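Each chain, written out:
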Amino acid sequence: MRRSEINNAIIASRAFFEQHGWALPPEPKWDVTDFGLGDFKKTGLILINLAEEPEYCEKLMYAAKGQTTPSHTHKKKKEDIICRTGILQIKLWAEDPAKVESTDIIKLKINGKYTDITSGTEVSLLAGERVTIESGVWHEFYPASDECIIGEVSTANDDLNDNFFSNPDIGRYAEIDEDEAPIVKLLSDK
Ligand SMILES: O=C(CO)[C@@H](O)[C@H](O)CO
C-alpha cells in the first residue's frame, strides 16, 4: 500500500467517525491494512484498537462499500462483531471455505440469542446489531451500505499470531511504499 493511500484512508474515516458522533481517543492506535493483497479498495479495513488488555479487547473499524475483510478465523479469540453505523454483511462458515464445502449447522448468537444457521450463510446486521463469533468459526464481512462503522469487542487480541486466513497469500499487515510522509504512526509501523 502506498503511504498516501493510508493517509487518505485515515482522513476519510476520521471524518466519518466524527460525522457519526464517534469520538476517537487521544492518539488513536490506527491499523490500516490491505491484507497484503495490494488492492485496498477490494480487501481493506481500517481499525483503531481502543483497548488491548490480556483479558479483553475493543476495536472500532471502518470499511467502505466494496471493501471486504477476507475469510479468516481465530484459534483463541472470541469476538462480537457489531454494526455501529450502516449495514454490515457477515458470512460465516463452520470450516475454512477454501477447503471444505460444509453444510454444518453453526449455533450463532445473533443479538444475544442463539440461532442455528447453515455454514455459508450470510447475516445482515443493521446499526446496533451484533453477532457473537466463537473461536474456530470462519467469517468474512463487508458493508452493504456506502460506508460502515463496525465495532469489535473480544477476548484477548493477537493480530500477529491469531489470524488464520483462507487465502495463503494474505499477510495481516500491509507492505508500505513510502511515497509521502505518514500523518500518523500505524500499529504496524516500527
Ligand atoms: O478479528 C477481526 C475481525 O474479525 C479483526 O480484529 C482482525 O484484526 C482482522 O484480521
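Residues numbered from 1 in each chain as written. Predicted model: local features only at pLDDT ≥ 70, side-chain atom pairs only at ≥ 80, totals over all residues. Heavy atoms only, no water.

- You'll find the protein entered in an unreviewed UniProt entry as D-lyxose ketol-isomerase, with Mucilaginibacter myungsuensis given as the organism.
- Regarding the protein, the UniProt comment filed under Sequence similarities (unreviewed entry) reads as follows: "Belongs to the D-lyxose ketol-isomerase family."
- Comment text from UniProt for the protein, heading Cofactor (unreviewed entry), reads "Mn(2+)". (UniProt positions renumbered as here; feature names shortened; annotations may be inferred.)

1. Brief notes about the sheet that holds strand S13 (residues 164-165)
And then number 1: Pairing is antiparallel across the open sheet formed by five strands, whose spatial order is S9-S6-S11-S4-S13. Among the strands making up the open sheet, the edge pair consists of strand S9 (122-126) and S13.
And then number 2: As defined by bridge partners, strand S4 (residues 69-73) adjoins strand S11 (residues 138-143) across two bridges and the pair is classed as antiparallel. Bridge pairing in S11 places His72 opposite His139. (Pairing = 2+ DSSP bridges. Helix = DSSP H or I, 4+ residues; strand = E, 2+ residues; numbered from the N terminus.)

2. Section: the site of the ligand
And then number 1: Contacts to the ligand come from 14 residues, most closely from Lys59, His74, Glu152, Asp159 and Arg172.
And then number 2: A distance of 2.6 Å separates an oxygen atom of the ligand from a polar side-chain atom of Glu152.
And then number 3: Asn163 is positioned with one of its side-chain polar atoms (N or O) 3.1 Å from an oxygen atom of the ligand.
And then number 4: The protein chains hide 100% of the 300 Å² of surface that the ligand would expose on its own.
And then number 5: Those elements that provide at least two residues to the shell around the ligand are strand S5 (79-85) and S11.
And then number 6: Along the lines of polarity and charge, the residues of the shell around the ligand split into four nonpolar, four polar and six charged. (Near = heavy atom within 4 Å. Polar contact = N/O pair within 3.5 Å; in protein donor to acceptor, adjacent residues only side chain to side chain. Areas by Shrake-Rupley, 256 points an atom, 1.4 Å probe, with all protein chains shown as cover. Nonpolar A, V, L, I, M, F, W, Y, C, P; charged D, E, K, R; others polar.)

3. Concerning helix H1 (residues 3-19)
And then number 1: Between the first and last C-alpha of H1 there are 24 Å, a value that for 17 residues agrees with the 24 Å anticipated at 1.5 Å per step.
And then number 2: Within H1 the residues assigned to the buried category are Arg3, Ser4, Ile6, Asn7, Ala9, Ile10, Ser13, Phe16 and Phe17.
And then number 3: On its buried face, H1 sits against strand S1 (29-33), strand S2 (45-52), strand S3 (57-64), S5 and strand S12 (147-154).
And then number 4: Count one or two residues on from H1 and you reach Gly21, which has phi positive near 75°. (Expected span 1.5 Å × (residues − 1). Buried < 20%, exposed > 50% of the residue type's maximum accessible area, 1.4 Å probe, protein only. Contact = heavy atoms within 4.5 Å.)

4. A look at the pattern of salt bridges
And then number 1: Scanning the model with the defined rule gives twelve salt bridges in all.
And then number 2: Measuring nitrogen to oxygen at the nearest pair gives 2.6 Å for the salt bridge that ties Arg172 to Asp31. Of this pair, Arg172 sits in the segment after S13 while Asp31 sits in strand S1, and the two are 141 residues apart along the sequence. In terms of burial, Arg172 and Asp31 fall into one category: buried.
And then number 3: Across the pair Asp80 and Arg130 runs a salt bridge, and its minimum N-O distance is 2.9 Å. In this pair, Asp80 is assigned in strand S5 and Arg130 in strand S10 (residues 130-133), connecting sequence segments 50 residues apart.
And then number 4: A relative accessible area of 15% places Asp80 in the buried class. (Salt bridge = Lys/Arg side-chain N within 4 Å of Asp/Glu carboxyl O.)

5. A few points about the confidence of the model for the protein
And then number 1: Predicted confidence across the protein gives a mean pLDDT of 97, with 100% of residues reaching 70 or more.
And then number 2: Reported confidences for the modelled complex are a pTM of 0.96 and an ipTM of 0.98. (pLDDT = per-residue confidence, 0-100.)

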